[in-house]
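# Residue-level structure breakdown
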Amino acid sequence: MESKKEFFLECYKLGIIKFGRFTLKSGIESPFYVDLRPLASDPKILKNLANYLLDMLPLDNFDLICGVPYAALPMATAMSLESYIPLIIKRKEAKEYGTKKMIEGIYQKGQNCLLVEDVITSGKSLVETIAEIEQEDIKVADIVVVLDREQGGKQLLESKGYRVHTLFNISEVCEILQENGDLSDAEVQRINDFLKGNHIQFEEKKRLSYQQKFEQAQHSVSKKLLETALAKESNLIASADVTTTKELLELAEKVGPHIIALKTHIDIISDFDYQNTIIPLKEIASKHKFLLMEDRKFADIGNTQELQFTSGVFRITDWADFVTSQVIGGFESLDCFKNVGVVAIIGMSSKGTLTSNNYREEALKIALSHPNVIGGVSQNPIPEEILLFTPGVNLADSGDGKGQQYNTPEHVFKTLHTDFIIVGRGIYKSENPEQAASQYKSAGWNAYLTSL
Ligand code: S5P
């Protein structure tokens, strides 16, 4: 057989240990994650593993072998095949019918059983398993473990009089990986601190600044938005969900100085008239230097979307700087938005939305590859190549009783690395929309600066 170190590196290639930031079952954050189940899928490795484990043990002591379910079951089976020591199986739950047995297989009371476990952490689950086996009058004195996470498990079992044989422990594994160039010194240091029980600081991933995003932006509308954000020190988009031209224009005039864009649902304006609604709106937008975002959420085939975008009474193509669109119609459905930027709906803020993980992943593939797309609407982080627009923002972070779910500006900048917040009722329903816009502008900008 190859050396133990070479053997470990072979096992490591199967992806049994991952380094990074993981939340364990206990809620604790760990700098590494171990899952040895892939070892059973490589017959040669499993067989070698069985022999490495057997080599460490006083085999004459054992009448039986038992693996702790499930990960250690194939390991125990392989050890049994290599050593001819009979295997018994411990159930995870007692059978609900028939014998109600916890242990399956052929055994006699008083026999000695070797217990096999894949990973030992605190040792608590092993203590429970041993108790269940001992209840059947089977003796356990030795436990063999493939990997010791060195978090007190070995000591706990030894204090109860059991012998614990471990093939690998996490410190030696880290040493091997460090030597091999797979782990940096800083990572090893962090793992050692974690094992000593010290509080460890994970490096927070830094977000890109607006300046950096401006430099990497390809689309003219992305550039314009980022330039406006930097000039006005604002990342606020006010959502003007009002229903008359008068309200729309008044709101635009009041909030104009504080926002980078005004988001419209132009089809809810009951007295819409291109001359009287759009022309003055465009004047206010150019006076206060903000962009117009039509939240049309197109969701049809390309040809229909093109007609909805260019025709009808609204003629969105003539005045909007950017529009929102679902991507449900597929990549080519976005081709028609040539002269504007598209913000793709990736995930929605409403309760029960169908934008599941899977949907969002597929939607992002389209958004990231389509040249007309400048960003996405989402309640989750998205890649930094496109801009993130987050609605559902309110300083009072409760709901609206109609399924809308709110977050605060601090929350969305810190956890989602959002670029622009979209605020509707928080502003237009407020007694003083101008003051509210100014408050959201400061809250958003401060939250952005803090997140850098
Ligand atoms: O997921 C979404 C996407 C959008 S664009 N959730 C949303 O709320 N929106 C829009 O943002 C919505 O159509 C409304 O215009 C605005 C939120 O308004 P508020 O009053 O709840 O802040």
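Right above here is the structure, for reference.
Residues numbered from 1 in each chain as written. Predicted model: local features only at pLDDT ≥ 70, side-chain atom pairs only at ≥ 80, totals over all residues. Heavy atoms only, no water.

## Observations regarding the sheet that holds strand 4 (residues 87–90)
Which entries qualify depends on this criterion: Pairing between strands is defined by DSSP: at least two bridges between them are needed. Strands here are runs of E lasting at least two residues and helices are runs of H or I lasting at least four, both read from the DSSP assignment and numbered beginning at the N terminus. The contact rule is simple, with two residues in contact once any of their heavy atoms fall within 4.5 Å. The axes used here are C-alpha line fits, helices contributing only the stretch in contact, and every angle between their N-to-C directions lies in the interval 0 to 180 degrees.
Sheet architecture is open: six strands sit in the order 5-4-3-6-7-8, paired in mixed fashion. This sheet does not close on itself; its edge strands, each paired only once, are strand 5 (103–104) and strand 8 (163–169). Pairing of strand 3 (residues 64–67) with strand 6 (residues 112–120) involves four bridges; the strand directions are parallel. Residue pairing across strands places cysteine 66 opposite leucine 115, the latter belonging to strand 6. Set on the sheet, helix 4 (residues 124–135) makes contact with strand 3, strand 4, strand 5, strand 6 and strand 7 (139–148); between it and strand 6 the angle comes to about 160°.

## Quick notes on the site of the ligand
Here is the rule we go by: Summary of the distance rule: residues count as near a molecule or strand when at least one heavy atom falls within 4 Å of that molecule or strand. Between N or O atoms, a polar contact is any pair within 3.5 Å; within protein, one atom must be a potential hydrogen donor and the other a potential acceptor, and residues adjacent in sequence are included only when both atoms are from side chains. Computed with a 1.4 Å probe, the accessible areas rest on the Shrake-Rupley method; for each residue, only the protein chains presented here act as cover. Asp, Glu, Lys and Arg are counted as charged, while Ala, Val, Leu, Ile, Met, Phe, Trp, Tyr, Cys and Pro are counted as nonpolar; the rest, among them Gly, fall into the polar class.
Residues in contact with the ligand amount to 16 residues; listed here are only the nearest, Asp241, Lys263, Ser349, Tyr406 and Arg425. Contacts to the ligand include lysine 263, whose side-chain N or O atom sits 2.8 Å from an oxygen atom. Interatomic distance of 2.9 Å between a side-chain N/O atom of glutamine 404 and an oxygen atom of the ligand. Its free accessible area being 490 Å², the ligand has 91% of it covered by the protein chains. Each residue belonging to the shell around the ligand can be placed in one class, and the counts come to five nonpolar, six polar and five charged.

## A word on unusual backbone geometry
In this structure, the amide linkage connecting proline 69 to the following residue, tyrosine 70, adopts the cis form with an omega of -10°. Within the secondary structure, tyrosine 70 sits in the loop between strand 3 and helix 3 (73–83). Even without being a glycine, tyrosine 84 presents a positive backbone phi close to 65°. On the secondary structure map, tyrosine 84 appears in the loop between helix 3 and strand 4.

## A closer look at the packing of aromatic side chains
Operational definition: Only centres within 6.5 Å qualify two rings of Phe, Tyr or Trp (six-membered ring in Trp) as a pair; their planes then separate them into stacked at under 30 degrees, edge-to-face at over 60, and tilted for everything else. Each residue is assigned to one of three classes by its accessible area relative to the maximum for its type, calculated with a 1.4 Å probe on protein chains only: buried under 20%, partly exposed between the two thresholds, exposed over 50%.
Applying the stated criterion across every chain, the model contains 16 aromatic pairs. Relative to tyrosine 52, the ring of phenylalanine 7 has its centre 4.6 Å away and its plane inclined at 25°; by these criteria the two rings are stacked. Here tyrosine 52 lies in helix 2 (residues 43–55) and phenylalanine 7 lies in helix 1 (residues 4–12), a separation of 45 residues in the sequence. What makes phenylalanine 7 buried here is its relative accessible area of 0%. On the basis of an interplanar angle of 70° and a centroid distance of 4.8 Å, the ring pair of phenylalanine 272 and phenylalanine 314 is categorised as edge-to-face. Of the two residues, phenylalanine 272 sits in the loop between strand 10 (261–264) and helix 11 (274–288) while phenylalanine 314 sits in the loop between helix 12 (302–310) and strand 12 (322–325), which places them 42 residues apart along the sequence. Using a relative accessible area of 15% as the deciding quantity, one classes phenylalanine 272 as buried. An aromatic cluster is present here, built from Tyr210, Phe322, Phe389, Phe420, Trp445 and Tyr448 joined pairwise through their rings.

## Points about the pairing of strand 11 (residues 291–298)
Filter applied, for reference: For crossovers, right-handed means that the path from the first strand over the helix to the second runs clockwise, given strands pointing away from the viewer.
Counting buried residues along strand 11, six of its eight residues qualify, which places the element largely inside the surrounding structure. By the bridge criterion, four bridges tie strand 10 to strand 11 in an arrangement that is parallel. Within strand 11, the residue paired with threonine 264 across the bridge is glutamate 294. Following the backbone out of strand 10, through helix 11 and into the adjacent parallel strand 11, one traces a crossover that is right-handed. Two elements, strand 11 and strand 12, share three bridges in a ladder whose sense is parallel. When the bridges of strand 12 are listed, phenylalanine 298 appears paired with serine 325. One crossover worth recording links strand 11 to the parallel strand 12 by way of helix 12, and it is right-handed.

## Examining the pattern of salt bridges
The line we're drawing: A side-chain nitrogen of Lys or Arg and a carboxyl oxygen of Asp or Glu constitute a salt bridge if their distance falls within 4 Å.
Evaluated as defined, the whole model comprises 19 salt bridges. Close ionic contact of aspartate 137 with lysine 109 constitutes a salt bridge, the shortest N to O distance being 3.9 Å. Separated by 28 residues along the polypeptide, aspartate 137 in the loop between helix 4 and strand 7 and lysine 109 in the loop between strand 5 and strand 6 bring together distant segments of the chain. Its relative accessible area of 64% is what places lysine 109 among the exposed residues.

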